[in-house]
Structures are given as C-alpha cells and as structure tokens.
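Listed below are the residues making up each chain.
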Amino acid sequence: MRINACPGGGVYDGRNRIPPGEQREIARACGLPMDNGMDDNDIISSHAGDEDFNFPYQGPRALLGPVTEALISVIDPEVALSIVDVGLIYGVTITDGKADVVMTMTSAACPVTDVIIEDVERELAKALPAGTQIAVELVWEPAWNTDMMSNSAKIFMGW
Amino acid sequence: MTQSSRRDAVHSQRGAGHTAPAPLAAATRALLPALVILALLAGIVGGLLRVGVIVPLTAHAAWPGQAAHFHAAIMLSGFLGTVIAVERAVALKLPASFLAPLLSGAGAFFLLLGYPAIGAWLGVAAAVLFTCVNIMLVQRQRAPHTVLLLVGAIAWVIGNLLFAIGRDSTATLPWWFAFAVLTIGAERLEMTRLMRRNRAAGPTLYATLAVLLGGAAASAVSFTWGGIVYGAALILLAVWLSMFDIARRTVRTHGLSRYMAVCLLSGYFWLAIAGLAWAATATGLPLRDAALHALGLGFIFSMIMGHALVILPAVARIRLRYSAWFYVPLAALHLSLMLRLGGGALDWGLRAAGAGLNALAILVFALTVAAAAAGWHVFQSRIDARAP
C-alpha cells in the first residue's frame, strides 16, 4: 500500500520524505524490483516506466534513492504532484562527481520554471555528496505529453 | 556549501546569450514592483472614491481625482496588465520583453499625473509589445493555451486602443476583462491537460471564449445585445471551469494545493454571478457595480490570491511560506463582496461599506504575504542551522 507515496499524501507537502530504506520496503510490498543483488557502487541504468517513481537514470546505484527522494520532493502545488510524477524529468546522469539533469516543463509560458529548477538544484545538493557539480538543462524536445505521467499521478487525476 | 560554480554552469545553459546590462536590469527590477504597487494603491483609492468612501487625502492633490476617473484603466491595464506582462517576460527570458510591463506601468503613472493621452498611448505600446512576446511564445510551443494567451494579448491591445481614442467604458471594459479572462482560461486549460479530459472540453472552451469576444465586439455597437451575450459567455465559462478544472481534484489534497483550489473554485462562483449581473445590467437593471466587482474582485482577485504564492517567488524572487493564515484575507474578500453586492442592492451605504472592506481584505492579503516572506526566512534559517 503506497500510503506515503500517494499524491496528496504525506510526501507531497515537501516536509515528510520517505527515507531510502523505507522506499525499498514500500517497493517490495508493491512487488517492485528494487533489490536485485547489485552492489551499491555499481553503475546502473534504469528507464522511465520500470517503476512508478522512476526516470532514466545512469549512475551509482547508491545514489538512485537519494536522487529520487530529492526529485520527488520538488512539487508543483498547482497540481499537487511532484515533477517526477508529472513526468518532467527526462534523465539524470551522475559521473565523476558531476550530476546532469535533463528536464522539461509542461508550458513554455510558465514563469515558475526557474523556481522549479532552483528547487531541483537545492534538493539535489542536499542529497548528493558534497562537492558534486549539479547542472540542470531545460529542454523543450521531446514535448511533454500525458503518457509521461506516473501511474499514481494518473490515478490521482482520474485516468 | 558554496554552489557558485554550479550556478554559473547552470546559468550558462539556461539563459545563454540573453542578459541585459546589469544597471538596466537592476533599474527594471526596482522600477517594476514600484509601478505595480503604485497602480494597485491608486486603483484602490480611486475605486473607494468612486463608491463614496471618504478617503483621507489632501484637498490639493490632483491624483485622487485622476485615480477615480481612470479606475478601470489603472486596475485592469496598469495593475493587472503589468503583472501579467511581467509573468510572460519572466517565462520568455528575453530582456526586451520587460519593456511591455514597464510601459503599461508607466502608462498608469501618467494617467495619475494628469496626462491621459500619454498614459493611454503608452498602454497601447505596452499591449502591442506584449502581443509580440506572446507570438514568440507560440513559436516556442504551439499549443492551445499559448494561442489563447496570444488572443488575450490582442484583446488587451483592442481595449487600450479604444481607450486611447476616447471610447467610453461600454466599449473598453469588455475587452479589458476579456484579456484577463482569456489569460486565466488559457492557464486553466493548460492545467487540465493532466486530467483525462472529455474530448468535448477543448472545443467547448474555445466556443465559450469566442462567444465572449463576440459579445465584446458587439458591445461597441449594441450595449444591450453585446452585454447579454458577454454575460452569458461568462456564465458558460464558470460552468466549464467548475466541470473541467483540475481544482476539483486538488481541493481534496491539503496545505497549499488545497488553498489554491479553494481560491479557484470560489472565484468561479463569482464569475457566474458576474455573468448574471453583466447580462442584467445590459438589460437596464442597476447591477453594474455588482458585475464589474464580482468579476474584478471575486474572480480575478481570487485568482491573484491563489497564485501569489507561486508567482511572487518566480517574478520577484521572494520565497513565501504557506500557512493557513492565507484563508483569512480570502474569507474577508468573499464576505465583503457579499456585503457589497447583497447589501449594496438595498442601500448605497452598505455598498460603500462592502467596498471599504474589499480594500481592507486586499491590505490584509498584502500583510499576509509579507509575513509569509518573513516566515520563509525563519523556516529556512532553522533548516540551515540543523543541516550538518
């Protein structure tokens, strides 16, 4: 039961966050493959759609949890969903102390873009090892569409 | 935890090649909020004078009279137009796009100074520039909502043009309000994309807004029929928003999201009232004050109260900490509107009292925002103190 992970539940007010250990418990309870015997330092690649809180990720396995936790705490209050749930994160790549995030926004006319990007930087800076260089790139291609929303987001929105 | 090197990397990716000279940017950042606050305060003073509230001012000042005479232009073009133009300039990230809000704010300033021709034509220039900004946004992302924002910009041009050539409020007000309503409608349409929407939703919105524009155009020719059509369109829009808006879902969340949804849904109620009152006024009933302020305060200002918490951080770099206190000015606005419209139908004194309380609600909202800004700093310093 994803109680804490449901949109509108505790994690989405930005104050209550699921620790990585608890995330694994939740994922296990839902039957999701978060534990597959890999070492924490192994580099992994995962793709959007593998799990509900997932996005294309390349980097140390140990950092996937903190990165996910950081990104799902960046919320658009207008829709009460995290940017991960909306599907705005196109990819995160962590190599050699550098974290690159590629993301989009749903509207080019939105003035809140810079605030969201700053939130992403701030949350990632808290979650990643000190000294990691964080770069966020905003792209408009491929254009966002509703297929990129997470399953729980779609449930919340009545799909 | 120094992040300056990271920020440089990010800034170069984000705003590459689009930076204005530092002194110019600083001047704009200082001037724009001043113009917005000036327009809002002058708009409120002018409105209070119009409705018969005694405002303690010096007898020799000329600006209160100008503020009263140009109340609509100052509120809808000088204040609201400037705010919307700032939002779009921040979204487009082209320094030249900040000229539009500067011009519309300056336009209101010149109206107050007693130079109505300069003020009015500055407003036209502002709206034309704003239209160009919206054209560029459509080029960046061709979508129904960006096109609607562009149509709203054109409505602003028409309203300001009619004002500049000396047409009266029966001609200008429908276009100014259409600018606001189209802008809000476009943003709400964009939000509904996240829901699985009835296929009829998009087309019915376009049809409703087309009727609105038809009513605006007709109002210049036939006040009665134009007004009835316009009022009907406002009612239809309220129905559409109540049925399709994302606020229906987010009102069931909590905290800031719920507050924003409450602002939206209560605003839609006033939009429907405004439509009824607008159509009734067109047939001759004395409901003009009710129509204009149900629309301007009940609908538009509820939107402002709901969105300030996300927009101010974006355009003014002021971070705000949400708290339930924000419900206080919202409730004050709605209750005072009920007094103004309900009591005002019976007695002019009650209408004036309601208007005075409307102004107080806006003041309380401003204080709540200031407290929220302070609250954010307190909250942030506590977090930083706790961090390893």
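Residues numbered from 1 in each chain as written. Chains lettered and ligands numbered in written order. Predicted model: local features only at pLDDT ≥ 70, side-chain atom pairs only at ≥ 80, totals over all residues. Heavy atoms only, no water.

## Considerations on the confidence of the model for chain B
Our working definition: Known as pLDDT, the predictor's per-residue confidence is scaled from 0 to 100. The criterion used for residue contact is that any of the two residues' heavy atoms lie within 4.5 Å.
Overall, the predicted model of chain B reaches an average pLDDT of 91, with 94% of residues at or above 70. Below pLDDT 50 for its whole length, residues 1-17 of chain B participates in 23 contacts with residues either more than four positions away or in separate chains.

## Points about the packing of helix α8 (residues 169-192) of chain B against helix α9 (residues 201-219) of chain B
Residues and elements named next belong to chain B. Going by this rule: Lines are fitted to the C-alpha atoms to define the axes, a helix being fitted only along its stretch in contact, and any angle between axes, read from their N-to-C directions, falls within 0 to 180 degrees. Strands are runs of DSSP state E lasting at least 2 residues, helices are runs of H or I lasting at least 4, and numbering of each runs from the N terminus. Put simply, angles under 35 degrees are roughly parallel, angles over 145 are roughly antiparallel, angles from 65 to 115 are roughly perpendicular, and the rest are oblique. With the far helix as reference, a near helix turned anticlockwise by less than a right angle produces a left-handed crossing, and one turned clockwise produces a right-handed crossing. For this classification, the nonpolar set comprises Ala, Val, Leu, Ile, Met, Phe, Trp, Tyr, Cys and Pro, the charged set comprises Asp, Glu, Lys and Arg, and every other residue, Gly included, is treated as polar.
For the pair α8 and α9, interaxial distance at closest approach is 8 Å and the crossing angle is 170°. Between α8 and α9, the crossing angle belongs to the class labelled roughly antiparallel. Along this stretch, α8 crosses α9, giving a crossing that reads as left-handed. Each of T170, P174, W175, A178, V181, L182, G185 and L189 in α8 lies in contact with α9, whose residues at this interface are L205, Y206, L209, L212, L213, A216, A217 and S219. Its residues placed into classes, the contact of α8 with α9 shows 13 nonpolar, three polar and no charged.

## Comments concerning the nonpolar core
Heads up, the condition is: Joining through side-chain atoms within 4.5 Å is the link that ties buried Ala, Val, Leu, Ile, Met, Phe, Trp, Tyr and Cys residues into a set, and such a set is a nonpolar core. Under the scheme applied here, a residue whose accessible area is under 20% of the maximum for its type counts as buried, over 50% as exposed, and between as partly exposed, the area being computed with a 1.4 Å probe on protein chains only.
In this structure, L71 of chain A together with Y259 and F299 of chain B are the most contacted members of the largest nonpolar core, which totals 159 residues. At 16 residues, the largest contribution of residues to this core is made by helix α13 (residues 288-316) of chain B. Setting aside residues no more than four positions away along its own chain, Y259 of chain B makes contact with M305, G306, L309, Y322, F326, Y327, L330 and F365 of chain B. One finds L32, V86, V90 and L102 of chain B within the second-largest nonpolar core, a separate group that totals five residues.

## Comments concerning the pairing of strand β5 (residues 89-95) of chain A
Residue and element names in this part refer to chain A. Inclusion rule: For two strands to count as paired, DSSP must find a minimum of two bridges between them.
Taking burial as the measure, the seven residues of β5 include five buried ones, the bulk of the element. One ladder, built from two bridges, connects strand β2 (residues 57-60) with β5; its direction is parallel. Each residue of the ladder has a partner; that of Y57, found in β5, is V92. Bridge analysis of β5 against strand β6 (residues 98-103) gives six bridges, and the strand direction is antiparallel. Within β6, the residue paired with G91 across the bridge is V102.

## Quick word on the pattern of salt bridges
Let me state the cut-off plainly: What counts as a salt bridge is simple: a side-chain nitrogen of Lys or Arg found within 4 Å of a carboxyl oxygen of Asp or Glu.
Using the criterion set out here, one finds 13 salt bridges over all chains in the structure. The salt bridge involving E123 of chain A is made with K126 of chain A; its shortest N-O contact spans 3.6 Å. In this pair, E123 of chain A and K126 of chain A both sit in helix α4 (residues 113-127), three residues apart, roughly one turn of the helix. Overall, E123 of chain A belongs to the buried group, its relative accessible area being 9%. Between R188 of chain B and D245 of chain B there is a salt bridge, and its shortest N-O distance comes to 2.7 Å. Of this pair, R188 of chain B sits in helix α8 while D245 of chain B sits in the loop between α10 (223-244) and α11 (247-250), placing them 57 residues apart in sequence. We classify R188 of chain B as buried; its relative accessible area is 2%. Connected through salt bridges with shared partners, the residues E118, D119 and R122 of chain A together with R317 and R319 of chain B form a single ionic network.

## Topic: α4 of chain A
Spacing of three or four residues puts side chains on the same side of an α-helix, whose turn is 3.6 residues. Inclusion rule: By this rule, a helix spans an expected 1.5 Å times one less than how many residues it contains.
When the terminal C-alpha atoms of α4 of chain A are compared, their 21 Å separation across 15 residues agrees well with the 21 Å that a helix rising 1.5 Å per residue should span. For α4 of chain A, the buried fraction is high: 12 of the 15 residues fall into the buried class.

## As for the interface of chain B and chain A
Applicable threshold: Note: buried area is the sum, over both parts, of the accessible area (probe 1.4 Å) each one loses when the two are combined. Think of a polar contact as two N or O atoms within 3.5 Å of one another; within protein, one of them needs to be a possible hydrogen donor and the other a possible acceptor, and neighboring residues in sequence only count if both atoms come from side chains.
On the side of chain A, 40 residues touch chain B, which itself brings 43 residues to the contact. Carbon and sulfur atoms make up 56% of the surface buried where chain B meets chain A, a total of about 3900 Å² over both sides. At the boundary of chain B with chain A, the tally comes to five salt bridges. Its salt-bridge partner being K93 of chain B, residue D114 of chain A comes within 3.1 Å of it at the nearest N-O pair. Taken together, chain B and chain A are joined by 15 residue pairs in polar contact (both at pLDDT 80 or more). Secondary structure elements with two or more residues in the side of chain B that touches chain A: α1 (4-14), α4 (71-92), α6 (116-140), α7 (144-164), α8, α11, α12 (255-282) and α13 of chain B. Within the side of chain B that touches chain A, the residues separate by chemical class into 18 nonpolar, 10 polar and 15 charged.

## Here we look at the packing of aromatic side chains
Residue and element names in this part refer to chain B. Definition in use: Two rings from Phe, Tyr or Trp (for Trp, the six-membered ring) form a pair when their centres sit within 6.5 Å of each other. Planes less than 30 degrees apart are called stacked, planes more than 60 degrees apart edge-to-face, and all others tilted.
For the structure on display, the rule yields 17 aromatic pairs over all chains. Seen in terms of ring centroids, W156 and F179 are 4.7 Å apart; in terms of plane orientation they differ by 0°. Their pairing is stacked. Highlighted residues: W156 in helix α7 and F179 in helix α8, separated in sequence by 23 residues. Between Y230 and W278, the aromatic rings sit 4.5 Å apart at their centres with planes inclined by 35°, giving tilted as the arrangement. Within this pair, whereas Y230 is found in helix α10, its partner W278 is found in helix α12, the two being separated by 48 residues in sequence. Here Y230 matches W278 in class, with each residue buried.

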